[in-house]
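Okay, here's what each chain looks like letter by letter:
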Amino acid sequence: MSDGDDAATEPATDPALAVPGPRAPVDPAEPPGHDSLLVPGETCWRIERATRLAVFVDAAGYFATLKRAVLSAQRRVLFIGWDFDPRIRLDPPAAGPARGDRLGAVLEQAVARNPDLEVGVLQWDLGMLRALGRGLQPIVLLDRRTPDRLTFAVDTHHPVGGAHHEKIVVVDDCLAFAGGIDVTADRWDTSDHADDNPHRRRPSGRPTGPWHDVTTLVSGPAAVALGELARDRWESGTGRRLEQVTDADECWPEDVEPLLTDVDLAISRTRPEHGGASLVHEVELLWLAVIAAARRSLYVESQYFASRRIAEAIADRLREPDGPDVVVVNPWTADGWLSEKAMGTARAKLLTLVRAADVHDRFRLYVPVTERREHVYVHAKVTVVDDRLLRIGSSNVNNRSMGLDTECDVSIEAVAGTPRQAEVAATVLGFRDRLLAEHLGCTPEEVAAAVEETGSLVRGIDRLRRPTGRSLAVFEPPDLGPADRALAETELLDPEHTPNRWERTQRFFGRRRRSSRTRARRVPTG
């Protein structure tokens with residue numbers, strides 16, 4: 001696993017971390033995978049093998065690796081993004097002039113020294129308007145001033161109010177980055193989220209605050225599938241169809257240690273109904289499935305907590321006497337006045353709903369703080385279900401991510417009854433503990449020990465939280481005035497766009513969960 005501070009790596013499993021056993025003994029009459037949460041055509045688009053999977057926590061390691069991957073590309077690099085800023089530095093701590101480290105200069109250098117290379121950058125149209133507010137030239141002007149094999153394009157094909165929100169970079173269709181990190185300003189940070197980091201600056205030189213984010217890197221058939229998704233977006237946005245790159249050499253970065261190798265990776269999408277395309281809401285269906293199936297814990301990092309349907313599903317599970325602990329890590333406020341009005345007011349109202357249902361004291365919403373108690377902005381989109389499933393992507397816990405914007409999430413699952421279940425389960429759990437250790441200012445081993453000793457994710461975190469220094473603080477929403485309460489009630493700025501499948505999903509996966517518990521009681525464990 002690659003950290004954001006120096007692209008350091010960790011082994012796939014920590015030797016000091018006990019490998020959890022299977023969730024329940026497997027009934028020999030049922031085939032492996034019969035209770036998988038990842039169902040192609042429902043909770044995901046497809047499942048493909050990742051020959052290697054790495055995860056970057058925070059953008060420093062990701063940006064530095066992206067720079068090397070672009071400069072090593074042989075045939076094509078495609079950027080599919082919500083926001084894009086060619087002025088940002090990719091590896092600011094590295095020696096050398098700043099100009100050559102800027103994203104735009106790196107792209108120009110890559111095509112200049114490789115006559116066979118094409119680079120395409122696709123950004124949604126309203127994202128371009130945001131960039132103008134930061135002093136960036138319009139993409140159309142940038143496109144006219146760059147080499148022919150470096151193309152900047154704007155995608156206007158989305159519903160009114162919608163956005164293209166995926167964050168995907170594909171290199172030669174053999175390497176793909178996908179997750180929550182935009183290749184733009186404000187994202188660069190290291191995992192220590194130091195209060196004073198001289199490299200954490202906008203292109204203008206203005207200092208920026210601490211920022212927490214996560215993305216993935218995959219190779220093999222999973223990268224090919226993400227490449228297909230990127231090429232489809234490129235064709236939709238530009239009208240130009242790109243063929244798959246098939247003659248590139250193996251391109252995994254030598255200095256990136258995989259989290260796992262030869263693991264199945266699921267790709268889940270949101271695609272709104274628009275221009276003749278039907279609604280795809282695999283992201284939302286997977287959300288409902290993981291909430292219904294969680295046995296002991298559900299850990300979530302998200303920029304928002306603003307989906308009523310997700311909140312109501314969580315509330316249903318919190319009312320159960322043996323339901324899971326639910327921990328959500330959010331930023332203190334949304335980024336921007338309008339976002340806070342839409343998402344902040346919804347969060348305040350939904351927290352009232354969820355906390356009223358939390359009769360067994362199993363829910364927490366935390367915000368991370370630095371050593372000097374400055375708020376860390378959480379932009380990561382991560383879900384960890386028990387020791388079972390890890391999802392990383394672009395989707396937030398809000399209505400637009402479920403049915404209005406385009407989204408792309410990737411997931412791995414420790415499938416019951418498979419030979420590598422214990423290995424993947426340990427990796428999933430270890431990654432959750434690594435994230436919590438970053439926020440709490442401790443080690444993953446201390447997180448694992450606290451959760452084990454208390455028997456609860458919530459109790460374990462509460463044991464490790466500190467009133468001073470780096471830690472997680474419990475979020476308390478502000479009192480809403482009459483106008484904000486009305487806005488939250490009407491969901492005017494973030495309405496629902498999808499049919500409600502919670503009851504169906506709860507019946508299906510809830511029945512599986514209860515059946516598994518019954519087998520666990522009846523089948524001897526040896």
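Residues numbered from 1 in each chain as written. Predicted model: local features only at pLDDT ≥ 70, side-chain atom pairs only at ≥ 80, totals over all residues. Heavy atoms only, no water.

1. Overview of the overall build of the protein
Heads up, the condition is: Secondary structure follows DSSP: runs of H or I at least 4 residues long count as helices, runs of E at least 2 residues long count as strands, and numbering of each begins at the N terminus. Only protein chains enter the accessibility calculation, which uses a 1.4 Å probe; a residue whose area is less than 20% of its type maximum is buried, one above 50% is exposed, and one in between is partly exposed. The contact rule is simple, with two residues in contact once any of their heavy atoms fall within 4.5 Å. Every accessible area reported is derived by Shrake-Rupley at a probe size of 1.4 Å, with residue values counting cover from the shown protein chains alone.
When helices and strands are counted, the protein shows 14 helices and 19 strands. For the protein, with 526 residues in total, the buried portion stands at 58%. In the protein, 80% of the contacts between residues at least 6 apart in sequence involve partners at least 24 apart. Surface exposure of the protein reaches about 20300 Å², of which carbon and sulfur atoms provide 51%.

2. With respect to the nonpolar core
The condition that has to hold: In this text, buried Ala, Val, Leu, Ile, Met, Phe, Trp, Tyr and Cys residues form a nonpolar core when linked through side-chain atoms within 4.5 Å.
Grouped together as the largest cluster of nonpolar side chains are 56 residues, with contacts concentrated most on Val214, Val218, Val382, Ile412 and Phe431. Residue contributions to this core peak at 8 residues, all from helix α10 (residues 421-440). The next biggest cluster of nonpolar side chains, apart from the first, holds 39 residues, and it includes Leu90, Ala110, Val183 and Trp188.

3. Comments concerning the side chain of Arg432
Summarising the element assignment, Arg432 is placed in helix α10. Residue classification places Arg432 among the buried positions, given a relative accessible area of 5%. Discounting residues that sit within four places of it in the chain, Arg432 has contacts with Ser297, Tyr299, Val384, Val451 and Leu457.

4. Quick notes on the environment of Val415
Mapped onto the elements of the fold, Val415 is located in the loop between β18 (407-413) and α10. Overall, Val415 belongs to the buried group, its relative accessible area being 19%. A sequence separation of 27 residues divides Val415 from Arg388, and the C-alpha atoms of the two residues are 7.4 Å apart.

5. Regarding the confidence of the model for the protein
What counts, and what does not: Confidence scores per residue from the predictor, reported as pLDDT, run from 0 to 100.
When pLDDT is averaged across the protein, the result is 87; 82% of the residues are at 70 or more. Here residues 2-29 scores under 50 on pLDDT; set against residues more than four positions off or in separate chains, the count is 67 contacts. Below pLDDT 50 for its whole length, residues 520-526 participates in 4 contacts with residues either more than four positions away or in separate chains.

6. A short note on the environment of Val451
Here Val451 shows up in helix α11 (residues 444-454). When the C-alpha positions of Val451 and Arg463 are compared, they lie 9.0 Å apart, and in sequence the two are 12 residues distant. If sequence neighbours within four positions are ignored, Val451 has contacts with Arg432, Ser456, Leu457 and Gly460.

7. Quick notes on the pairing of strand β4 (residues 118-124)
Put simply, the rule reads: At least two DSSP bridges between two strands are required for those strands to pair. Think of it like this: strands point away, you trace from the first strand over the helix to the second, and a clockwise trace means the crossover is right-handed.
The element β4 is largely enclosed, with a buried count of 6 among its 7 residues. In this sheet, β4 lies alongside strand β3 (residues 76-81) in parallel orientation, the contact comprising 6 bridges. Pairing of Leu78 across the sheet is with Gly120, part of β4. Regarding the hand of the β-α-β motif, the stretch spanning β3, helix α2 (residues 103-113) and β4 is right-handed. Summarising the sheet, β4 and strand β5 (residues 150-155) pair through 6 bridges and their orientation is parallel. Along β5, the bridge assignment pairs Trp124 with Asp155.

8. Considerations on helix α1 (residues 59-72)
Note the threshold: Under the convention used throughout, the expected extent of a helix is 1.5 Å for every residue step, that is, one less than its residue count.
The first and last C-alpha atoms of α1 sit 20 Å apart over 14 residues, in line with the 20 Å expected at 1.5 Å per residue. Most of α1 sits inside the fold, with 11 of its 14 residues counted as buried.

9. Some words on the packing of aromatic side chains
Spelled out, the test is: What counts as a ring pair is set by centres within 6.5 Å for rings of Phe, Tyr and Trp (its six-membered ring), and what kind of pair is set by the plane angle: stacked under 30 degrees, edge-to-face over 60, tilted for all other angles.
Tallying each qualifying case throughout the model produces 10 aromatic pairs. Considering the side-chain rings of Tyr62 and Phe63, the 5.5 Å spacing of their centres and the 45 degrees angle between planes classify their relative orientation as tilted. According to the relative accessible area criterion, Tyr62 is buried, its value standing at 1%. Relative to Phe475, the ring of Trp332 has its centre 5.2 Å away and its plane inclined at 75 degrees; by these criteria the two rings are edge-to-face. Placement of Trp332 in the loop between β13 (325-329) and α8 (337-357) and of Phe475 in the loop between β19 (471-474) and α13 (482-490) is noted, with a sequence separation of 143 residues between them. By the ring-pair criterion, three or more aromatic residues cluster together here, those being Phe56, Tyr62, Phe63 and Phe177.

10. Considering α11
This is how it is decided: The directions considered for the arc are those from the helix axis to the C-beta atoms.
Considered for burial, the residues of α11 that qualify are Val447, Ala448, Ala450 and Val451. Seen from one end, α11 has its buried residues packed into an arc of 165 degrees, which puts them on one side. The exposed set on the far side of α11, more than 90 degrees from its buried face, consists of Glu452 and Glu453. The secondary structure elements touched by the buried residues of α11 are α10 and α12 (457-464). After α11 finishes, the residue Gly455 shows a positive phi value of roughly 75 degrees.

11. Thoughts on the pattern of salt bridges
To keep it simple, the criterion reads: Only one rule defines a salt bridge in this text: a Lys or Arg side-chain nitrogen within 4 Å of an Asp or Glu carboxyl oxygen.
By the definition in use, this model includes 41 salt bridges. Via salt bridges that share partners, Asp361, Arg364, Arg459, Asp462 and Arg465 belong to a single interconnected network.

12. Comments concerning the side chain of Asp83
We apply this condition: Distance and chemistry together define a polar contact, namely a pair of N or O atoms within 3.5 Å, with one atom able to donate a hydrogen and the other to accept it when in protein, and with adjacent residues in sequence counting only for side-chain atoms on both sides.
Looking at the secondary structure, you find Asp83 in the loop between β3 and α2. A residue is classified by how much of its surface remains accessible, and Asp83, at 3% relative accessible area, is buried. Only 3.2 Å separates the side chain of Asp83 from the side chain of Thr184, close enough to count as a polar contact.

13. Let's talk about the packing of α11 against α12
Cut-off, in case you're wondering: Each axis is a line fitted through C-alpha atoms, taken for helices only over the stretch in contact, and angles between the N-to-C directions span 0 to 180 degrees. Comment on the angle field: the value is read as roughly parallel under 35 degrees, roughly antiparallel over 145, roughly perpendicular from 65 to 115, and oblique elsewhere. Rotating anticlockwise by less than a right angle from the far helix to the near helix defines a left-handed crossing, while the corresponding clockwise rotation defines a right-handed one.
Packing of α11 against α12 leaves a shortest axis separation of 7 Å and a crossing angle of 125 degrees. With respect to their mutual orientation, α11 and α12 come out oblique. Judged by the twist between their axes, the crossing of α11 over α12 is right-handed. Contact residues: α11 offers Glu446, Val447, Ala450, Val451, Glu453 and Thr454, while α12 offers Leu457, Arg459, Gly460, Arg463 and Leu464.

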